[in-house]
Amino acid sequence: MNKSQLIEALAKDQDLTIKNAELVVTHFFESIEEALANGQRVEIRGFGSFKVKNYHGYKGRNPKTGSIINVSQKRLPFFKVGKELKERVDV
Amino acid sequence: MALTKEKIIGTIYEKIGFSKSQSRDVVEQLLEIIKKALASEENILISGFGKFVVKRKRARRGRNPQTNKDLQLKARRVVVFKTSGVLRKKVNTGL
């Protein structure tokens, strides 16, 4: 299911115009993006939580050529599945 | 402070002009649609954000690290999230 299918399903279930359903879905994901971009945690009960993990930079090797490369410091969003979703998916 | 569902509902209320209770209903329904899809092994792909994918894990032998006892882990299904390149860039700006 992609974003536009999600918008259609929401519009149908909640009797919304496509335009309004699109606004809801867009604001929903944008709020999460914004929080993560600010390094903030996101917690949605029953669904899951997001946090940003920090990874240190390190010197690595290109396994093919053996040459040393610098892997720079990075941040990566990390999603932990919530209890309800976890149980519903694992049947 | 963590972003919570309540705050997202507040944003929907302010930006779209739905009533508080309608804002709550649409957010709850949105989450329900996503959960239902994943429960039926349908992946969720949100471009620019990332994807939620259901993976089947095979049964494997494991060990309880506390008691050191061997145990059998059953086959199960889990949800994994893969961040889109666009969001990854956003999270890394200013680093």
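Residues numbered from 1 in each chain as written. Chains lettered and ligands numbered in written order. Predicted model: local features only at pLDDT ≥ 70, side-chain atom pairs only at ≥ 80, totals over all residues. Heavy atoms only, no water.

Caption draft 1: View of the pattern of salt bridges. The tally for this structure, following the rule as stated, stands at 12 salt bridges over all chains. Arg63 of chain B is the salt-bridge partner of Asp70 of chain B, the closest N and O atoms lying 3.6 Å from each other. Each member of the salt-bridge network shares a partner with another, and the members are Glu84 and Arg88 of chain A together with Glu32 and Lys35 of chain B. (Salt bridge = Lys/Arg side-chain N within 4 Å of Asp/Glu carboxyl O.)

Caption draft 2: Quick peek at the interface of chain A and chain B. Every contact between the two is made by 45 residues of chain A and, on the other side, 49 residues of chain B. Taken together, the two surfaces of chain A and chain B that pack against each other cover about 4400 Å², and 70% of this comes from carbon and sulfur. Linking chain A with chain B are three salt bridges. Notably, a salt bridge pairs Glu33 of chain A with Lys90 of chain B, separated by 2.4 Å at the nearest N-O pair. Along the contact surface separating chain A from chain B lie 14 residue pairs in polar contact (both at pLDDT 80 or more). Across the side of chain A that touches chain B, the residue classes break down as 26 nonpolar, eight polar and 11 charged. (Contact = heavy atoms within 4.5 Å. Buried area = accessible area lost by both parts, 1.4 Å probe. Polar contact = N/O pair within 3.5 Å; in protein donor to acceptor, adjacent residues only side chain to side chain. Nonpolar A, V, L, I, M, F, W, Y, C, P; charged D, E, K, R; others polar.)

Caption draft 3: Expanded view of the domain arrangement of chain B. Residues and elements named next belong to chain B. One can read the domain layout of chain B as domain 1 (1-40) and domain 2 (41-95). Each of domain 1 and domain 2 has a C-alpha centre, and these two points are 23 Å apart. Across the boundary between the two partners, domain 1 contributes five residues, which contact eight residues of domain 2. When the buried area of domain 1 at its contact with domain 2 is split by residue, Ala37, Leu38 and Ser40 rank highest and sum to 80% of it. At the junction of domain 1 with domain 2, the criterion picks out zero salt bridges. Here domain 1 and domain 2 share five residue pairs in polar contact (both at pLDDT 80 or more) between them. When its residues are assigned to classes, the side of domain 1 that touches domain 2 shows four nonpolar, one polar and no charged. (Domains from an automatic or database assignment.)

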